[in-house]
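Coordinate inspection notes
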Amino acid sequence: MEANPQELVQAALAAAKRAYAPYSRFRVGAALVAASGRVYTGANVENASYPCGICAERAAVARAVAEGETRFAAVAVAGLKPDDSIAADCTPCGLCRQTLREFAAPDDFKVYVASSESSWREFTLAGLLPESFG
Ligand code: THU
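Notes on the structure follow. (Residues numbered from 1 in each chain as written. Predicted model: local features only at pLDDT ≥ 70, side-chain atom pairs only at ≥ 80, totals over all residues. Heavy atoms only, no water.)

Attention shifts here to the packing of aromatic side chains. In this structure the tally under the stated criterion is two aromatic pairs. Taking 5.8 Å as the distance between ring centres and 75° as the angle between the ring planes, the aromatic pair formed by Phe72 and Phe103 counts as edge-to-face. Here Phe72 is found in strand β3 (residues 72–80), whereas its partner Phe103 is found in the loop between α3 (94–101) and β5 (110–116), with 31 residues between them in sequence. Like Phe72, the residue Phe103 is buried in the burial classification. (Phe/Tyr/Trp six-rings, centres within 6.5 Å; stacked < 30°, edge-to-face > 60°. Helix = DSSP H or I, 4+ residues; strand = E, 2+ residues; numbered from the N terminus. Buried < 20%, exposed > 50% of the residue type's maximum accessible area, 1.4 Å probe, protein only.)

Turning our attention to unusual backbone geometry. At Asp84, a residue that is not glycine, the phi angle is positive and equals roughly 75°. With a phi close to 50°, Glu131 is a non-glycine residue in the positive phi region. Here Glu131 is to be found in the segment after α4 (125–128).

Our next topic: helix α1 (residues 5–16). With 12 residues, α1 ought to run about 16 Å at 1.5 Å a step, and its terminal C-alpha atoms sit 16 Å apart, in line with that. Along α1, the residues classified as buried are Pro5, Leu8, Val9, Ala12, Leu13, Ala15 and Ala16. The buried side chains of α1 occupy one side of the element, clustering within an arc of 160° when seen end-on. For α1, the secondary structure elements touched by its buried residues are β1 (27–34), β2 (39–43), β3, β4 (86–87), β5 and β6 (119–124). Here α1 starts with a cap whose side-chain oxygen sits 2.9 Å from the backbone nitrogen of Gln6, and that cap is Asn4. (Expected span 1.5 Å × (residues − 1). Arc of directions from axis to C-beta. Contact = heavy atoms within 4.5 Å. Polar contact = N/O pair within 3.5 Å; in protein donor to acceptor, adjacent residues only side chain to side chain.)

Lining the immediate surroundings of the ligand are Ser24, Phe26, Val28, Asn44, Glu46, Cys55, Ala56, Glu57, Thr91, Pro92 and Cys93. Among the residues making up the shell around the ligand, the classes are represented as six nonpolar, three polar and two charged. (Near = heavy atom within 4 Å. Nonpolar A, V, L, I, M, F, W, Y, C, P; charged D, E, K, R; others polar.)

This part is about the pattern of salt bridges. Inspection of every chain in the model, using the stated rule, returns one salt bridge. Between Arg27 and Asp84 there is a salt bridge, and its shortest N-O distance comes to 2.7 Å. Highlighted residues: Arg27 in strand β1 and Asp84 in the loop between β3 and β4, separated in sequence by 57 residues. A relative accessible area of 17% places Arg27 in the buried class. (Salt bridge = Lys/Arg side-chain N within 4 Å of Asp/Glu carboxyl O.)

The nonpolar side chains of a soluble globular protein tend to be buried with one another. Membership of the largest hydrophobic core comes to 21 residues, with the highest contact counts inside it found for Leu32, Val61, Phe72, Val75, Leu100, Phe109 and Val111. Setting aside residues no more than four positions away along its own chain, Leu32 makes contact with Arg38, Val39, Tyr40, Ala60, Val61, Ala64, Phe72, Ala74, Val75, Leu100 and Phe109. In this structure, Ala3, Val9, Val33 and Ala76 belong to the second largest nonpolar core, which totals 15 residues. (Core = buried A, V, L, I, M, F, W, Y, C linked by side-chain atoms within 4.5 Å.)

Next up, the structure:
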């Protein structure tokens, strides 16, 4: 399947609205496209014990791997501020970049970061995580 970035951004935003983020109040959603063409969403899930929290991107990877997927083509990420506006700078954190690297070809894997409901910035994983280990 050719991933449609607009649909992926919409799916990431919908997932962000289901995030559990009472501590940071920063909700993040991810929509991860597997090689099969299926899309797996994830949201950040925080905890009173802060280090137990997981990011949206890694939550999506965990869901997908549990369904038998181990190769991915693209991800869209959307961050929502407490006032429900979109955070345009919600690029994946370092842990998530390395996690995605495990299951992707860095030069080919696309990362779409929502700037608004209908616009996004496009990166490759290689651009976000140069000279990566894996
Ligand atoms: N977070 C994500 O889920 N993904 C990112 O790419 C950046 C940060 C989460 C972690 C934490 O729950 C909240 O956003 C604030 O850092």
